[in-house]
Amino acid sequence: MEWEMTYSVSEVVDYLHDVFGIEESEIYDGINKACEHGLNKNGELFDSLMEYSTYFIKSKLSFNEMIEVMITKEVGN
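Rules used throughout
- Residues numbered from 1 in each chain as written.
- Predicted model: local features only at pLDDT ≥ 70, side-chain atom pairs only at ≥ 80, totals over all residues.
- Heavy atoms only, no water.
- Helix = DSSP H or I, 4+ residues; strand = E, 2+ residues; numbered from the N terminus.
- Buried < 20%, exposed > 50% of the residue type's maximum accessible area, 1.4 Å probe, protein only.
- Areas by Shrake-Rupley, 256 points an atom, 1.4 Å probe, with all protein chains shown as cover.
- Contact = heavy atoms within 4.5 Å.

Describe the overall build of the protein, and please don't skip the residues or the numbers.
The helix and strand inventory of the protein stands at 4 helices and 0 strands. When the helices and strands of the protein are placed in sequence order, the string is α-α-α-α. Evaluated residue by residue, the protein yields a buried proportion of 30% over its 77 residues. Just so you have it, the protein exposes about 5,300 Å², and 50% of that area is on carbon and sulfur atoms.

Here is the structure:
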């Protein structure tokens with residue numbers, strides 16, 4: 001069985017706002033930056049943000065640092 005997770009923009013923004021405690025405009029900027037660097041080419045950016053944000057919070061990294069790591073990983077592939 002294959003699982004497919006899908007989230008709306010508002011669900012992702014609300015969740016990231018709650019866990020990182022940052023303004024929604026900063027989240028939208030990060031999402032835009034991620035898209036500009038090809039992180040949504042397979043349509044899984046929102047799933048990745050929701051899944052990996054927990055690990056970044058536990059590592060005491062910011063939302064912007066999470067986006068930068070994701071971009072660096074994508075560019076390196």
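A description of the environment of Tyr 15 should follow, citing residues and the corresponding values.
Turning to its location among the elements, Tyr 15 is positioned in helix H1 (residues 9–20). On a C-alpha basis, the gap between Tyr 15 and Leu 49 in space is 9.6 Å, while along the polypeptide they are 34 residues apart. Among all residues touching Tyr 15, those that are not within four sequence positions of it are Met 50, Ser 53 and Thr 54.

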